[in-house]
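Chain by chain, the residues:
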Amino acid sequence: MSEDQPAERNVEGIGDYNGPAGGWGALKAVARTVAEQMKASPDTRALLQMNQPDGFDCPGCAWPDPKHTSSFEFCENGAKAVTWEATVKRVDPGFFAQHTATELWGWSDHQLEDAGRLTEPLRYDPETDHYIPITWDEAFARAGAALQALDHADQAEFYCSGRASNEAAFLYQLFAREFGTNNFPDCSNMCHEATSTGLPKSIGIGKGTVTLEDFDTTDAIFCIGHNPGTNHPRMLGTLAEASKRGVPIIVANPMRERGLERFKSPQHPTEMLSTHSTPLASAYHQVRIGGDMAMLKGMMKALFAMEEAEGGILDHTFIAEHTEGIDALRADIETTSWTWIEGQSRLTREAIESMAAVYAGAERVIVCYGMGITQHSHGTQNVQAIANLLLLRGNFGKAGAGICPLRGHSNVQGDRTVGITELPPEDMLDRLDAAFGIASPRKHGHNAVEALLAMHEGKSKALVSLGGNLAVAMPDPEACFAAVRGLDLSVNILTKFNRTCLLTAKETLVLPCLGRTELDVQATGPQWVTVEDSMSMVHASRGKLKPPGAQVRSEPAIVAGLAAAAMPLTKVDWAALVANYDRIRDGIEAVYPDFHDFNLRVREPGGFRLTIAPDKRVWKTPSGKAQFFAHPHVEESMEGQPLLLTTIRSHDQYNTTIYSLDDRYRGVTGRRDVIFANEVDLAMLGLTHGDRVDVTTPTGRMLKGFTVIRHAIARGSLAAYYPEANCLVPLDDFDPASGTPAYKSIPVRVDAAV
Ligand SMILES: Nc1nc2c(c(=O)[nH]1)N[C@H]1C(S)=C(S)[C@@H](COP(=O)(O)OP(=O)(O)OC[C@H]3O[C@@H](n4cnc5c(=O)[nH]c(N)nc54)[C@H](O)[C@@H]3O)O[C@H]1N2
Ligand SMILES: Nc1nc2c(c(=O)[nH]1)N[C@H]1C(S)=C(S)[C@@H](COP(=O)(O)OP(=O)(O)OC[C@H]3O[C@@H](n4cnc5c(=O)[nH]c(N)nc54)[C@H](O)[C@@H]3O)O[C@H]1N2
Ligand SMILES: [Mo]
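Quantities reported herein were computed from a predicted structural model and do not represent experimental measurements.

Caption draft 1: Structural detail: the overall build of the chain. What the chain contains, in helices and strands, is 30 helices and 31 strands. The C-alpha radius of gyration of the chain comes to 25 Å, within 12% of the 27 Å expected for a compact globule of 754 residues. Looking at the 754 residues of the chain, the share that counts as buried comes to 65%. Considering only intrachain contacts with a sequence separation of at least 6, the fraction spanning at least 24 residues in the chain is 79%. If you sum the accessible surface of the chain, you get close to 26700 Å²; carbon and sulfur atoms cover 53% of it.

So this is what it looks like as structure tokens:
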């Protein structure tokens, strides 16, 4: 800023962060959370058992572990996830005797979870407005009675969040299917559903195709719409290694995220003691929110032009042998104008051509992406556009190349693999029926949006949640809160009490479960579980810590208890399955051929990888080929287009779990009521950094009295934290192909607060 410009207004809690990602700040943050949550607990040793061959899988994220882990792999946000679970704080019956539900409603999401771990099964008592402790037998009997009282099984919704193990999730889907429904709203529906819907049509599988080793040999990495410094911090080590090899890392993100710019590895003693940090992004393109499709089409346009001018750009052999649909794609790209591309993406033609040049110059390319791609009304199209780009140069089925969706919860991918889906394949249901002697329903069930709509309309009357905070995670809290409050039954299987538990139905039960880190002992002795990371590696996770209370039960045990109570004539021997989780794994093997010799192979250190057919250039699509998808668009002018607001995670949050009110890498301390804006847009709106504003959507949804702050964000783009901004997202604004809510492109108007 030059001297004659006025000094910028001082805004409370808003500053600049100039350090790298990681570094001493990360170590300090860990020391603080350990001190706050674990006090002098001997269980700080938990941190040393994370992602070790004989330890537990970190509940933080689904990024895989290096194969030969010999020492503790440090991750600040993994440490937060573990300490939050291993906290010494408790919400025991005394806590609930002290506080009414009405009083707790006034607490923030941070305060509710920070109060500690659940220790006893609870029932909400409307007479006293308190949650009162009950026995497990009573809890199961009450839930069972309410489920049996439904007119039909499809009036129940079985929500699953992505921390559940394969074993817990498999039992859960067995329960719901024997009960008679495929209603499986799950967190994946809000997350990577666009991947699960788009990729099978493009390449025959709804998962990523790369392994960690592919990052060792790749020639270029593209990172589109994800924020690894916060959400997948162990990925920074991988990116830093690639950067040191001179591999270009091209970022497309509306916000300048420190975790994509510079990294100082807390694993690296010499780096920590020097001023050195590793630069990550070699080029950083601040694409406008929702402008990725235009950017990707622009890259393809540049590639087709280079092909025409000099040849040798497209992999014609691969395209001829392995794909279909190139002509329609080329035709669409030919009619796409640079004016539209530049307007939509807010990137210059030169910038996009430079991205294409890096892409074309690299023999092996990995494209990584996250919620910035999927959570749009055209999320599935975005995912398929990334697949198109990779197919053009045969970037599948060769080392160092492929597609890398950054998954959400640590086992969200595994939960889907073992049956948490509202759209189950027929052959899988046949095998499930044969293995357990049940008759699964064939009718497809509800995804998350459909479940909430059915609940809101009174068509669904019971919600069972295996983890998560459904009503807070979904769009439109007004509708979703009312939907849960109108139910006959709400069962919450959780480690921590949260706002969804406060949306009391006729019968509301809160059932405390063990977390990943804890010792799980059943009739035949200590048990362990399995998970699948985002690179399709299935491995064991063994909890070691003492459970938070004698009454706390494992997820499989709770699911089995509910199932037996809801279905007195059940065909499944639930007690036997829970007594020894090997038997659950045998069940998984019986239903999913890819899990052959499951109990044997998963006992190998590091586990095993599930089959990813594109690795061998095998395409499980109807045509047997990989498919290009043209997604024609109408070229609208940018004139008068509204600002688009995206919703993001802070560095100190895990979805609806708010660890603290800070967001270190974005320079925000002690608050979350901010709107990030570009300074040019601010000036055009006649607003100043620090002004209080109201944000309004075209249908009149409002977020009032937030503070607008100048930030390094693309023109035409705004950002706010989730879940605070969920009131701006309508329940019916979702990707029609996948049902993923459009959390990341909300058209809004911003005015000075009245
Ligand atoms: N510590 C921690 N770890 C987590 C989580 C957590 O909350 N905390 N959540 C877990 C879960 S469930 C998930 S799904 C993942 C989420 O991991 P991410 O996908 O990284 O999640 P978001 O915070 O939603 O970040 C989205 C990024 O996309 C950018 N973005 C927003 N809109 C657009 C757009 O239109 N285009 C592009 N190109 N970029 C855009 C934002 O600037 C931001 O950098 O992380 C998992 N890991
Ligand atoms: N606006 C906006 N909304 C979003 C998003 C966004 O980017 N923007 N992201 C969406 C995404 S990607 C997702 S995945 C959803 C997240 O939605 P959810 O998965 O429903 O939410 P979480 O906040 O992860 O769930 C937190 C709760 O899980 C429970 N829990 C923690 N560990 C365990 C465990 O081991 N077992 C059990 N049984 N319970 C446990 C705790 O009690 C805690 O209160 O939110 C979605 N909502
Ligand atoms: Mo997610």
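Now that the structure has been shown, we can carry on.
Caption draft 2: Broad picture of the UniProt feature "domain: Molybdopterin oxidoreductase" (unreviewed entry) in the chain. According to UniProt, the "domain: Molybdopterin oxidoreductase" (unreviewed entry) feature falls on residues 117-492. Along residues 117-492, the helical share is 47% and the strand share 14%, with 14 Å between the first and last C-alpha atoms.

Caption draft 3: Representation of the site of ligand 1 in the model. For ligand 1, the set of nearby residues contains 32 residues, the closest of which are Asn253, Glu257, Asp292, Gln653 and Asn655. A distance of 3.1 Å separates a nitrogen atom of ligand 1 from a polar backbone atom of Thr230. Within the backbone of Gly372, one N or O atom sits 3.3 Å away from a nitrogen atom of ligand 1. Coverage of ligand 1 by the protein amounts to 99% of the 920 Å² it exposes when considered alone. The class makeup of the residues in the shell around ligand 1 is ten nonpolar, 18 polar and four charged.

Caption draft 4: Layout of the UniProt feature "domain: Molybdopterin dinucleotide-binding" (unreviewed entry) in the chain. Residues annotated by UniProt as "domain: Molybdopterin dinucleotide-binding" (unreviewed entry) correspond here to residues 643-746. The annotated region residues 643-746 carries 6% helix and 33% strand content, and the separation between its end C-alpha atoms amounts to 8 Å.

Caption draft 5: Local environment of the site of ligand 2. The local shell around ligand 2 holds 32 residues, among which Glu113, Tyr159, Ser161, Thr656 and Asn726 are the closest. Between ligand 2 and Tyr159, the relevant distance is 2.6 Å, taken from an oxygen atom to a side-chain nitrogen or oxygen of the residue. The fraction of the free accessible surface of ligand 2 (930 Å²) that becomes covered by protein chains is 97%. Listing elements by their share of the shell around ligand 2, those giving two or more residues are helix H23 (470-473) and strand E16 (489-494). Partitioned by chemical class, the residues of the shell around ligand 2 number 13 nonpolar, 13 polar and six charged.

Caption draft 6: The arrangement of the sheet that holds strand E10 (residues 278-279) in detail. Pairing within the open sheet is mixed, and its three strands lie in the order E1-E9-E10. Two strands close off the open sheet at either side, each with one partner strand: strand E1 (21-22) and E10. The pairing of strand E9 (residues 262-264) with E10 spans two bridges and is classified as antiparallel. Opposite Phe263, over in E10, you have Thr278 as the bridge partner.

Caption draft 7: Representation of the nonpolar core. Ranked by size, the top nonpolar core spans 65 residues in total, and within it Phe175, Phe179 and Leu562 carry the most contacts. With nine residues, helix H7 (residues 166-179) is the single largest residue contributor to this core. When neighbours within four sequence positions are excluded, Leu562 is seen to be in contact with Phe140, Ala143, Phe175, Val464, Val491, Ile493 and Leu511. Counting 55 residues, the second-largest nonpolar core is a separate cluster that includes Ala220, Phe304, Trp340 and Leu389.

Caption draft 8: Focus on the packing of aromatic side chains. A full pass over the atoms with the stated rule returns 24 aromatic pairs. Their ring planes at 70° and their centres at 5.7 Å tell us that Trp63 and Phe215 sit as a pair that is edge-to-face. One end of the pair, Trp63, is in the loop between helix H1 (23-38) and helix H2 (76-85); the other, Phe215, is in helix H9 (residues 214-217), and 152 residues separate them in sequence. Here Trp63 and Phe215 have matching classes, each one buried. Ring centres 6.2 Å apart and planes at 70° place the aromatic pair Phe158 and Phe179 in the edge-to-face group. In this pair, Phe158 sits in strand E6 (residues 156-160) while Phe179 sits in helix H7, placing the two residues 21 residues apart along the sequence.

Parameters at a glance
- The numbers attached to residues start from 1 for each chain and follow its sequence in the written order.
- Chain A is the first chain written and ligand 1 is the first ligand written, with later ones labelled in order.
- Confidence filtering applies because this is a predicted model: local features only for residues at pLDDT of at least 70, side-chain atom pairs given and counted only at 80 or more, and all residues used for totals across whole chains, interfaces and linings.
- For side-chain calculations, the full set of non-hydrogen atoms in the structure is used, while hydrogens and water are omitted.
- Elements are defined by DSSP. Helices are runs of H or I of four residues or more, strands are runs of E of two residues or more, and each kind is numbered from the N terminus.
- Only the C-alpha atoms count toward the radius of gyration. The rule for a globule is 2.2 Å times the residue count to the power 0.38.
- Think of it in three bands: with a 1.4 Å probe and only protein chains considered, a residue is buried below 20% of the maximum accessible area for its type, exposed above 50%, and partly exposed in between.
- Contacts are residue-level and defined by heavy atoms, with any inter-residue pair within 4.5 Å sufficient.
- For the accessible areas, the method is Shrake-Rupley and the probe is 1.4 Å, while residue cover comes only from the protein chains on display.
- UniProt positions are given in the numbering used here, feature names are shortened, and annotations may be inferred rather than shown by experiment.
- One heavy atom within 4 Å of a molecule or strand makes the whole residue count as near it.
- Throughout this description, a polar contact denotes any pair of N or O atoms lying within 3.5 Å of each other; where both atoms belong to protein, one of them has to be capable of donating a hydrogen while the other can accept it, and for residues adjacent in sequence the pair is counted only when both atoms sit in side chains.
- In this classification, Asp, Glu, Lys and Arg are treated as charged, Ala, Val, Leu, Ile, Met, Phe, Trp, Tyr, Cys and Pro as nonpolar, and every other residue, Gly included, as polar.
- Any two strands with at least two DSSP bridges between them are considered paired.
- Residues belong to one nonpolar core when they are buried, are Ala, Val, Leu, Ile, Met, Phe, Trp, Tyr or Cys, and are joined through side-chain atoms within 4.5 Å.
- Only Phe, Tyr and Trp rings take part, Trp by its six-membered ring, and two of them pair if their centres are within 6.5 Å. Stacked means planes under 30 degrees apart, edge-to-face means over 60, and tilted covers everything else.

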